[in-house]
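# Observations on chain architecture
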Amino acid sequence: MTRKQTSKYANMTTDLAEDISEKTAGFIQSNSHRDLLDIVDTLRSHGVSHYVDLPQIIVCGSQSSGKSSTLEALSGIAFPTAEGLCTRFATELVLRRGNKPEIKVHIQPSANRTNEERARLLGFARSTKDQDDFPRIIETAKEAMGLTGTDGAKIFSMDVLRIESTSPSAPNLTLVDLPGLFGASDKNQSDDDATLVQELVVSYMRQRRSIILAVVAADNPFANQPVTKFARDIDPSGTRTLGLITKPDKIDEGSDSEKYYVELAQNLNVKLSLGWHVLRNRSHVTAKDTIKERDDRETEFFTNSAWCLLDPSQLGVDSLRTRLRKVLWKQIQTGLPGVKAEVQSGIKDCTMKLAQLGKARSTQREKHTYLQRISSRLSKLVRAAIDGVYSDLFFESFPGQEDAFERRLRAHIQKILDEYAEKMRDNGHALEIVEDDLEPTRISSRRYIMREEYLEVVKDLMVECRGRELPGTFNPLVVGDLFSRQCKPWEPITQNLVEQIHEAAASNFNKIVSEICDENTRSRLMKGHIQPALYRLRQDLKDKVDELLKPHLSIHPITYNDYLTETVQKIQTERHDRRFDEISEEVCGYISKTAPTCAEVNLNQILTSLKVDTRPDVEEYSASLAADVAAAYYLVALKKFTDDVSVNAIESCLIQCLPEVFCPDVVWDFSDEEVQQLGSEDDNTVKERNELDKKLKILEDGLRALDMFVARSGLQAVTREQTSS
């Protein structure tokens, strides 16, 4: 290129950039506006928009609704507005202030692109000479995105065409033109394409700090244009949605359609908090109009039509710029604190995840050091968890948290043991022996037996167990047999407890390891070391439970606890008192609690009844005493066994051993092979660390820019502007 050609090229580029700057200067009202837009642009230039939603204006609507023409009217750039498929991808127009006027175009690849495709698309870079170059650039971009050709060519793309315009007087803001929504498929676009476009448009709408310019064309029935429904679903309060009616000149004057859309513009039909606006853009016939000719035609149309009923602030591109400026200003002003909070949250999240990943480790020493650090942290957290000291942030709890028990192991163990003790009390005995004058608490008849029937079982057992005892007495082994039958459920209930405790411990380890290291290391540690160690502890626990159960299942009852005789006395006393009251009420109508001091009664009848009822039956008495002693011994043994399981088994054999499962001493004794197996990092870990480092740098740069802005302005300018408006 010659020097003359170069000079001509520079002049044409400068003219275009300055033309864009002139058309968009209305977005800036004061220095405070410019400062706010500057900080948003700074954040965007740092790449913060990849992780935090930043304020921008998005233009969306159905196909051929006039979106691109609207963007052209707002910005001064002539986007393709041909009939049919107008916009096949998102186009971001980034207006930036800079010393050297220039315009650059490149492609931002979508997330689903392969590494090779991303590299190719990121290499796409073009510069414009004048307005006439834009169609050629867009066609070149389509080709790069794979949107041209017939065999296997896509119709729409999730890639983004990014046009950056820089000039000394340009505002810093972003306008986005999105593909048009459509419902019916044809030979050029399928139902899958419709879904793709909808997902793309909705994804931009969902960015909470995007201003939605919802475009509807007056020459198309409103019901056929879903953009406002999406906008109301996503932004129900309407605080960031502005409705825009285009092509008002395409409907017949005085028609019902015109009346409908005029009422819509008056916010009498579909009501939006930000209201509606009307634009008359270029048509196919007036496509060659200059910007001034376009604006003059628009002004003349609104002056001499039914649209003149609307407030002038709702008509024309100049008024639209003013409205968008105010909305954009408010969006930035209210959203900036949230942006800073999200940036800080992102930095905290990155820092935590990088701590989990640890430093890059390629040597044996680095791997061993990494495992030592993890083991130290893990051992301390496990010790705190079993001691019930929940001061570490790991144990932080909030209402409705589902994994609180997984973290707070001691609380979880206590809950499990409480439930175990209750289950042993309620279901630990094979049969509920129900006094003849009482009702059973169990529902199933196979799980309880009346005492009268039970005594017959005892009598039979006394015959089976008879040894050298004299007639009318019973062999003490009868008590052992009765107890052995009753405590049969202890074993399955306690084995289930072992599994619950093991699962609680494994879950706690998994949660802790997930917090302190990367997923690759977590998986290797859990599978290669922690789970096998917990399995060994579980087996030790099972062996201990079997040891505690064995005496109760195979050895005759032994106890020196006074509670045994006290319980027998209590059982027999309560039964005697209930029987005495029953006889008394039957004979004279009174019981001991309700009997008056003086009353006429048949003393002979009372004495006779008592004598008959209390007459001894040696065989019956022996069976009754054996049953009562067995019941009392069951209660003594139940309390002891429950405590033994909790203390001597659960606590001693498993809980107190947990901090030693993966402690620094264990890691110190690892072989080189074990260090290599457990401490190595895979490609995904390396990739994740690099991405987190990149994200952290971007967010930290963004936070510094925000802090500098706040320190410089103190946000006082924001307050003054809000008050003045």
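Read on for a plain summary of the structure. Keep in mind that this is a model prediction, so the values were computed, not measured.

Looking now at the overall build of the chain. Counting its regular elements, the chain contains 24 helices and 11 strands. Here the chain, with 725 residues, has 48% of them falling under the buried criterion. Counting only contacts in the chain whose residues sit at least 6 apart along the sequence, the fraction spanning at least 24 positions is 76%. Only carbon and sulfur atoms are counted for the fraction: they give 50% of the accessible area of the chain, which is about 37,600 Å².

Positioned with a positive phi, lysine 247 is a non-glycine residue whose angle comes to about 55°. Structurally, lysine 247 can be placed in the loop between strand E8 (241-246) and helix H8 (256-265). Although it is not a glycine, asparagine 267 sits at a positive phi angle of roughly 65°. Along the polypeptide, asparagine 267 turns up in the loop between H8 and strand E9 (276-278).

As a further point, take the pairing of strand E5 (residues 160-167). Buried residues dominate E5, accounting for 8 of its 8 residues. Covered by surrounding structure in E5 are Val160, Arg162, Glu164 and Thr166 together with Leu161, Ile163, Ser165 and Ser167, the residues of both alternating faces.

A few words now on a negative patch on the surface. A cluster of acidic side chains, namely Glu491, Asp540, Asp543 and Asp546, defines a negative patch on the protein surface. With 3 residues, helix H17 (residues 519-554) is the single largest residue contributor to the negative patch. Mapped onto the elements, aspartate 540 comes out in helix H17.

On to a nonpolar patch on the surface. Residues Ile555, Ile558 and Tyr560 make up a contiguous nonpolar surface patch of about 390 Å² in total accessible area. Note on placement: tyrosine 560 falls in the loop between H17 and helix H18 (563-588).

Relative to the elements of secondary structure, tyrosine 633 occurs in helix H20 (residues 618-654). As for tyrosine 633 and valine 568, which are separated by 65 residues in sequence, their C-alpha atoms are 8.8 Å apart. Not counting the four nearest positions on each side in its chain, tyrosine 633 is found in contact with Phe483, Pro557, Ile558, Thr559 and Leu564.

This part is about helix H7 (residues 227-234). When H7 is considered as a whole, its buried residues turn out to be Val227, Thr228, Phe230, Ala231 and Ile234. Along the axis of H7, the buried positions cluster into a sector of 160°, meaning they face one direction only. Residues of H7 that are buried sit in contact with strand E1 (56-61), helix H6 (191-205), strand E7 (210-217), E8 and E9.

What follows is about the pattern of salt bridges. Under the definition given, this model contains 37 salt bridges. The partner of lysine 415 in a salt bridge is glutamate 419, and the shortest N-O contact between them spans 2.9 Å. Placement of the pair is lysine 415 and glutamate 419 together in helix H13 (residues 409-427), with a separation of 4 residues, close to one helical turn. Since its relative accessible area comes to 36%, glutamate 419 is described here as partly exposed. Note that arginine 579 is salt-bridged to glutamate 582, the shortest N-O span being 3.0 Å. Remark: glutamate 582 and arginine 579 occur in helix H18; sequence separation between them is 3 residues, near one turn of the helix. For glutamate 582, a relative accessible area of 36% gives the class partly exposed. What you see here is one network of salt bridges that share partners, running through Glu435, Asp437, Arg451, Arg575, Arg578 and Asp628.

Looking now at the packing of aromatic side chains. Each pair of aromatic rings is reported with the distance of its centres and the angle of its planes. Under the definition given, this model contains 12 aromatic pairs. Between phenylalanine 483 and tryptophan 490 the ring centres are 5.7 Å apart and the planes differ by 80°, which places this aromatic pair in the edge-to-face class. Its relative accessible area of 0% is what places tryptophan 490 among the buried residues. Plain terms: the ring middles of phenylalanine 662 and phenylalanine 670 are 6.1 Å apart, the flat faces sit at 40° to each other, and that makes the pair tilted. For the pair shown, phenylalanine 662 and phenylalanine 670 are each scored as buried. What links up through ring pairs into an aromatic cluster is the set Phe483, Trp490, Tyr633, Tyr634 and Phe641.

Those residues of H8 lying buried are Glu258, Tyr261, Val262, Leu264 and Ala265. With its buried residues spanning 155° around the axis, H8 presents them on a single face. Exposed side chains of H8 directed beyond 90 degrees from the buried face belong to Asp256 and Lys259. Looking at the buried positions of H8, the neighbouring elements they touch are E7, E8 and E9.

With that settled, consider the nonpolar core. Leu378, Trp490, Phe509, Ile530, Leu658, Val661 and Phe662 are the most contacted members of the largest nonpolar core, which totals 64 residues. Secondary structure elements with two or more residues in this core: helix H11 (364-387), H13, helix H16 (490-516), H17, H18, H20 and helix H22 (672-679). Ignoring sequence-local partners within four residues, the contact set of tryptophan 490 consists of Met424, Gly428, Phe483, Leu549, His552, Tyr634, Ala637, Leu638 and Phe641. Within the second largest apolar cluster, 60 residues are counted, among which are Leu37, Leu328, Cys350 and Ile698.

Basis of the calculations
- Residues numbered from 1 in each chain as written.
- Predicted model: local features only at pLDDT ≥ 70, side-chain atom pairs only at ≥ 80, totals over all residues.
- Heavy atoms only, no water.
- Helix = DSSP H or I, 4+ residues; strand = E, 2+ residues; numbered from the N terminus.
- Buried < 20%, exposed > 50% of the residue type's maximum accessible area, 1.4 Å probe, protein only.
- Contact = heavy atoms within 4.5 Å.
- Areas by Shrake-Rupley, 256 points an atom, 1.4 Å probe, with all protein chains shown as cover.
- Patch = residues over 30% accessible without salt bridge, like charges linked within 9 Å, V, L, I, M, F, W, Y side chains within 5 Å.
- Salt bridge = Lys/Arg side-chain N within 4 Å of Asp/Glu carboxyl O.
- Lys, Arg positive; Asp, Glu negative; His and termini not counted.
- Charge placed at Lys NZ, Arg CZ, Asp CG, Glu CD.
- Arc of directions from axis to C-beta.
- Phe/Tyr/Trp six-rings, centres within 6.5 Å; stacked < 30°, edge-to-face > 60°.
- Core = buried A, V, L, I, M, F, W, Y, C linked by side-chain atoms within 4.5 Å.

Geometric descriptors of this kind do not, in isolation, establish any biological role.
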